[in-house]
Amino acid sequence: MRIKETRLSDLDCAAFVKEQVAWISRTVGDGLAVNALSGGVDSAVTTMLGHRALGSRLKTYFIDNALMREGEPRRVVSLFRKLGVPVELVDARAEFLDALAGITDPEEKREAITQTFYRKVFGSMVRKSGAKFLLQGTNFTDVEETVAKVKRQHNVLAQLGIDTEKEFGYTVIEPIISLRKPAVRKVAKYLGLPKEIYDRPPFPGPALAARIIGEATAERLDLVRKATAIVEDALKGTKAFQCMAILHEDRVTGVRNGRREFGLQIEVRCWDSSDAVTAKPKRVPWNTLETLAKRLTVSVPGVVSVTYNIAAKPPSTMEAV
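This write-up is about the structure you can find in this document. Since the model is a prediction, treat every value here as computed from it, not as a measurement. Per chain, residue numbering runs from 1 following the sequence as it is written. Per-residue local features of the predicted model are confined to residues with pLDDT of at least 70, and side-chain atom pairs are confined, for both listing and counting, to 80 or more; whole-chain, interface and lining totals are unaffected and use all residues. Water and hydrogen atoms were dropped before computing side-chain values, which therefore reflect all heavy atoms in the structure.

Some thoughts on the pairing of strand 7 (residues 252-256)
Okay, so step 1: Note: two strands are recorded as paired if DSSP finds a minimum of 2 bridges between them. Numbering of helices and strands runs from the N terminus; a helix is a DSSP stretch of H or I covering at least four residues, while a strand is a stretch of E covering at least two. Looking at chain direction, strand 7 and strand 8 (residues 259-272) are connected through five bridges and run antiparallel. Paired with Val-252 across the bridge in strand 8 is Gly-263.

Right, here's the structure in full:
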């Protein structure tokens, strides 16, 4: 890996922003670039850097891939429009669900998302716009974990020897690739992004597909989406680095209204970490976990079992797949 990390202790936000804005402007020249906004802090910072550098020559899209949190697409689009960044919402739910159909292997799911995102969805947009560049928020940890083969991050391409211009028809620009998450948050705050963005818990590139063990169908995505909303609401006071709901593939025996129910299992994960490289499970109060389990079994159809992960990273990873 030939990327030099910019450590948090060495980060000068003003100098970094000035340097990246100039680099983006110089790289794109008088042409156009397209931008992938997901609402996470990485893509948000990339969007603002690109907007400063290119103005109207940056075409920003939010791709509704059927894998996001409840209400996420319209909420993020509205927020960035208020910040003066025009964002187009693109409905690509059918394309991603079709690509994921029948796939259960974690790496195959990630590859299906990668190919659908870069080749089919954004490839089409780039061709229509005439743009030769794509901005995206790959960070240092994304590359580190992919190169080390911990897990393939869908946004890591050039570092795996993929020639994006040859494969997809455009060059990828990654202005925050030297930063880990804490440094990205610092830049986000400097750029004037709201707290709900710069202090937001990490969310994976493959989104809710990374929180489903087995096939990511529309029905199973709806279940984990409901569970995610409940978990994030119940644990928001813990000040954890990240928390999530994992939908397991195997069914387990439960009982409801005095009758046997062969139902679903949700695993809750809640992490203390500074940079996502290592992490420890948060010591959440027992009564909080009991209340959370009750909410999940009552509100998410078919859920009869709730577990809490207590294995650290490593050997565990923060996302399930």
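A short note on the packing of helix 2 (residues 41-54) against helix 8 (residues 181-190)
Two quantities define a packed helix pair, namely the angle between the axes and the distance from one axis to the other.
Okay, so step 1: Lines fitted to the C-alpha atoms define the axes, with helices restricted to the stretch that makes contact. Angles between their N-to-C directions range from 0 to 180 degrees. At a minimum axis distance of 9 Å, the contact between helix 2 and helix 8 shows a crossing angle of 45°. The orientation of helix 2 relative to helix 8 falls into the category oblique. Along this stretch, helix 2 crosses helix 8, giving a crossing that reads as left-handed. Across the interface between the two elements, Val-41, Asp-42 and Val-45 of helix 2 pack against Lys-181, Val-184, Arg-185, Val-187 and Ala-188 of helix 8.
Okay, so step 2: The residue classification treats Ala, Val, Leu, Ile, Met, Phe, Trp, Tyr, Cys and Pro as nonpolar and Asp, Glu, Lys and Arg as charged. All others, Gly included, are polar. The residue inventory of the contact of helix 2 with helix 8, partitioned by class, reads five nonpolar, no polar and three charged. Throughout, the term roughly parallel applies to angles under 35 degrees, roughly antiparallel to angles over 145, roughly perpendicular to angles from 65 to 115, and oblique to all others. Throughout, a crossing is termed right-handed when the near helix is turned clockwise from the far one, and left-handed when it is turned anticlockwise from it by less than a right angle. Contacts between residues were defined by any pair of non-hydrogen atoms, one from each residue, lying within 4.5 Å.

Regarding the environment of Gly-192
Okay, so step 1: Along the chain, the position of Gly-192 falls in the loop between helix 8 and helix 9 (195-198).
Okay, so step 2: A residue is classified by how much of its surface remains accessible, and Gly-192, at 51% relative accessible area, is exposed. Each residue is assigned to one of three classes by its accessible area relative to the maximum for its type, calculated with a 1.4 Å probe on protein chains only: buried under 20%, partly exposed between the two thresholds, exposed over 50%.

Examining the pattern of salt bridges
Okay, so step 1: One side-chain nitrogen of Lys or Arg within 4 Å of one carboxyl oxygen of Asp or Glu is enough to make a salt bridge. Enumeration according to the criterion identifies 18 salt bridges in this entry.
Okay, so step 2: Arg-200 is paired through a salt bridge with Glu-72; the nearest N and O atoms lie 2.4 Å apart. Of the two residues, Arg-200 sits in the loop between helix 9 and helix 10 (218-234) while Glu-72 sits in helix 3 (residues 72-82), which places them 128 residues apart along the sequence.
Okay, so step 3: Note on Arg-200: relative accessible area 9%, which makes it buried.
Okay, so step 4: Glu-72 gets classed as buried once you look at its relative accessible area, which sits at 3%.
Okay, so step 5: One continuous salt-bridge network, built from bridges that share partners, spans Arg-69, Glu-72, Arg-75, Glu-196, Arg-200 and Glu-232.

Details of the side chain of Ser-305
Okay, so step 1: Among the secondary structure elements, Ser-305 is positioned in strand 10 (residues 303-308).
Okay, so step 2: Beyond its immediate sequence surroundings of up to four residues, Ser-305 is in contact with Val-252, Leu-264, Gln-265, Ile-266 and Thr-297.

Comments concerning the packing of helix 1 (residues 13-28) against helix 8
Okay, so step 1: Where helix 1 contacts helix 8, the axes come no closer than 10 Å and their chain directions differ by 85°. For the element pair helix 1 / helix 8, the angle class is roughly perpendicular. Contacts from Cys-13, Ala-14, Phe-16 and Val-17 of helix 1 reach helix 8 at Lys-186, Val-187 and Tyr-190.
Okay, so step 2: Split into classes, the residues belonging to the contact of helix 1 with helix 8 amount to six nonpolar, no polar and one charged.

Some thoughts on the nonpolar core
Okay, so step 1: Of all hydrophobic cores here, the largest spans 87 residues; its most connected members are Val-45, Leu-49, Ile-63, Phe-80, Phe-122, Val-187 and Leu-296.
Okay, so step 2: Of all the elements, helix 5 (residues 106-129) adds the most residues to this core, at eight residues.
Okay, so step 3: Once you skip the residues sitting within four places of it in the chain, Ile-63 turns out to touch Leu-37, Val-90, Ala-92, Phe-96, Phe-117, Val-121, Phe-122 and Met-125.
Okay, so step 4: Put simply, a nonpolar core is a bunch of buried Ala, Val, Leu, Ile, Met, Phe, Trp, Tyr and Cys residues held in one set by side-chain atoms that sit within 4.5 Å of each other. Core analysis: the next-biggest nonpolar cluster, separate from the first, contains seven residues, Phe-241, Ile-246, Ala-276 and Met-318 among them.

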